[in-house]
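Coordinates in review
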Amino acid sequence: GLGAIRGVGQGAAEAIIAARTDGGDFRDLADLCRRVDSSKLNKRVLETLILAGACDELADNRATLTAQLPEAMRLAEQDHANRAAGQHDMFGMAAGVTSAATPLNTPPQPDWPLRKRLAGERETLGWYLSGHPTQEHRALLEQLVATPIGRADSLLRSAGEGRGTPGILAGLVTDVRRRGDAMAFVPLEDWSGRIEVSFFRETWMENAPRLSRDRIVLIEGLISTDHFNGGGVQMRGRTVLDLDEALNRYAQRLHLSIDSRYGLDTLLAELKPARTGHCPLRLRLRTATAEGEVVPSADWCIRPTLDLLDRLRAHPAVLDLSLELQRPVSLGASDVPRVSNIRRTESEDELALRYAAEG
């Protein structure tokens, strides 16, 4: 199994197995570094093992393991140097026990975001092991698309199946394969399954800028039975939107619950550059003495993006965030929702004034 990890050679794998067979399971990262020959287990191999998830039992998470790595290697080098100098023989077993029991002092770290953890698995294993990148955006994708890729066969109808059934699917582009200028093939994945989408020359030229690897997109096209590959489903693509485009086009409302005690200046600084869209903003404000809804004026309509949502979620003043999306019938330009002007009620104005007065 270790040999399947990219960057872990046969010598390193055999040295790890031999040390584990002789001394039992490794207690922590420092124990692994001490007991395995450092000429076989260098920093690059250890980093690879951490990214692949092979060391997950040795600490709370991979971020902590990465932070512990310099200290673990330093302790191991000290132990190896002591043994090479004969100190263990000179001072007896106690020295060896003390050295081996030296604890790691690196504090635990917050876990990596899912996308970073999965990127490490893809880099070292060639596939995602502990999840799928689309899981992080599942709530958004399920609002936009009714059917996950794993159930795309449910869209097929017996009538007219030869021409294909229209549908919209969303997922991650995992590869792009060209067949000259005539065709392109794009595998699309989500948390539930995989489908191959083909594009003929004209539709490929129109959509190619959006179809880069590791990009989350919505694809509208014709779904049909793949008679040449075991009777699964395939798709002939017509129109593509990346997820940020879809969020901007189909956003209905962005709801933010805010604790004003953490200050709003930095939050407003995050929102101001995004005031280029059509998505109305709804705020639920909590102060030391009051809580209520505030509807900002229409010039505070937001252009939501994944990056903006991530920054807002990480902001200490944001207690909760949700983005309401309209499900598209088609990805054509005519399907863009219209947003009417927003008017605040007297009660909302009063609440906004009261909030301003209370700071």
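In this numbering scheme, every chain counts its residues from 1 along its sequence in written order. Where totals are concerned, whole chains, interfaces and linings use all residues; where local detail is concerned, this predicted model gives features only for residues with pLDDT of at least 70, and gives and counts side-chain atom pairs only at 80 or more. For side-chain calculations, the full set of non-hydrogen atoms in the structure is used, while hydrogens and water are omitted.

1. Side note on the pattern of salt bridges
- Salt bridge, as applied in this entry: a Lys or Arg side-chain nitrogen positioned within 4 Å of an Asp or Glu carboxyl oxygen. Counting across every chain of the model gives 23 salt bridges.
- A salt bridge links Arg261 to Asp259; the nearest nitrogen and oxygen atoms lie 2.7 Å apart.
- Judged by its relative accessible area of 61%, Arg261 is exposed.
- Classification of Asp259 by relative accessible area gives buried; the value is 2%. Burial status follows relative accessibility: with a 1.4 Å probe on protein chains alone, a residue under 20% of its type maximum counts as buried, one over 50% as exposed, and anything between as partly exposed.

2. So, the sheet that holds strand β7 (residues 251-259)
- Only strands that DSSP links by at least two bridges are regarded as paired with each other. Numbered from the N terminus, helices here are DSSP runs of H or I no shorter than four residues, and strands are runs of E no shorter than two. Here we have 4 strands laid out as an open sheet, ordered β9-β8-β7-β10, and mixed in their pairing. At either margin of the open sheet sits one strand with a lone partner, and together these are β9 (291-294) and β10 (318-325). For this sheet the average axis-to-axis angle between neighbouring strands, irrespective of direction, equals 15°.
- Here strand β8 (residues 281-286) runs beside β9; their pairing, made up of 4 bridges, is antiparallel. Within β9, the position partnered with Arg284 by the bridge is Glu293.
- Where helix α10 (residues 243-250) meets the sheet, its contacts fall on β7 and β10, and the angle it forms with β7 comes to roughly 90°.
- The criterion used for residue contact is that any of the two residues' heavy atoms lie within 4.5 Å. Structural elements are reduced to axes, namely lines fitted to C-alpha atoms, with helices fitted over the stretch in contact, and the angle between N-to-C directions of any two is expressed from 0 to 180 degrees. Across the sheet, helix α12 (residues 306-314) is in contact with β7 and β10; its angle to β10 comes to roughly 155°.

3. Overview of the nonpolar core
- Counting residues in hydrophobic clusters, the biggest one holds 42 residues, and the most contacted among them are Leu218, Leu254, Leu256 and Leu323.
- Discounting chain neighbours no more than four positions away, the residues touching Leu254 are Cys279, Pro280, Leu281, Arg282, Ile302, Leu309, Leu312, Leu321, Ser322 and Leu323. In this text, buried Ala, Val, Leu, Ile, Met, Phe, Trp, Tyr and Cys residues form a nonpolar core when linked through side-chain atoms within 4.5 Å.

4. Here's the deal with the side chain of Asn248
- Its location among the elements puts Asn248 in helix α10.
- What makes Asn248 buried here is its relative accessible area of 14%.
- Ignoring sequence-local partners within four residues, the contact set of Asn248 consists of Gly277, His278, Arg303 and Pro304.

5. Looking at the confidence of the model for the protein
- Residues of the protein with pLDDT of at least 70 account for 86%, and the chain-wide mean is 86.
- Scored from 0 to 100, pLDDT reflects the predictor's confidence in each residue. Note on residues 94-99: pLDDT is under 50 here. Beyond four places in sequence and across chains, it has 4 contacts.

6. A word on the packing of helix α3 (residues 43-52) against helix α7 (residues 114-125)
- Close contact between α3 and α7 brings their axes to 7 Å; oriented N to C, the two are set at 120°. It follows from the interaxial angle that α3 and α7 lie oblique. The interaxial crossing formed by α3 with α7 has left-handed handedness. Counted together, Thr48, Leu51 and Ala52 of α3 and Arg117, Gly120, Glu121, Glu123, Thr124 and Leu125 of α7 form the full contact between these two elements.
- Ten residue types, Ala, Val, Leu, Ile, Met, Phe, Trp, Tyr, Cys and Pro, are classed as nonpolar, four, Asp, Glu, Lys and Arg, as charged, and the remainder, Gly among them, as polar. Tallied by class, residues from the contact of α3 with α7 come to 3 nonpolar, 3 polar and 3 charged. Orientation labels follow simple angle bins: below 35 degrees gives roughly parallel, above 145 gives roughly antiparallel, 65 to 115 gives roughly perpendicular, and whatever is left gives oblique. Less than a right angle of anticlockwise turn of the near helix away from the far helix marks a crossing as left-handed, whereas a clockwise turn marks it as right-handed.

7. Things to note about the environment of Leu141
- Structurally, Leu141 is set in helix α8 (residues 138-144).
- Looking at Leu141, the relative accessible area reads 2%, which means it is buried.
- With 105 residues separating them along the chain, Leu141 and Ala246 place their C-alpha atoms 9.7 Å apart.
- Excluding residues within four positions of it along the chain, Leu141 makes contact with Thr134, Ala170, Trp191, Ile216, Leu218 and Leu243.

8. Brief notes about the environment of Arg35
- If you trace the backbone, Arg35 turns up in helix α2 (residues 29-35).
- A sequence separation of 41 residues divides Arg35 from Ala76, and the C-alpha atoms of the two residues are 8.2 Å apart.
- Here Arg35 is in contact with Ala19, Arg20, Gly23, Gly24, Asp25 and Phe26, once residues within four sequence places are set aside.
- We define a polar contact as two N or O atoms separated by no more than 3.5 Å, with the added condition that, inside protein, one atom must be a possible hydrogen donor and the other a possible acceptor, whereas residues neighbouring each other in sequence contribute only through side-chain atom pairs. A polar side-chain atom of Arg35 sits 2.8 Å from the main-chain carbonyl oxygen of Ala19.

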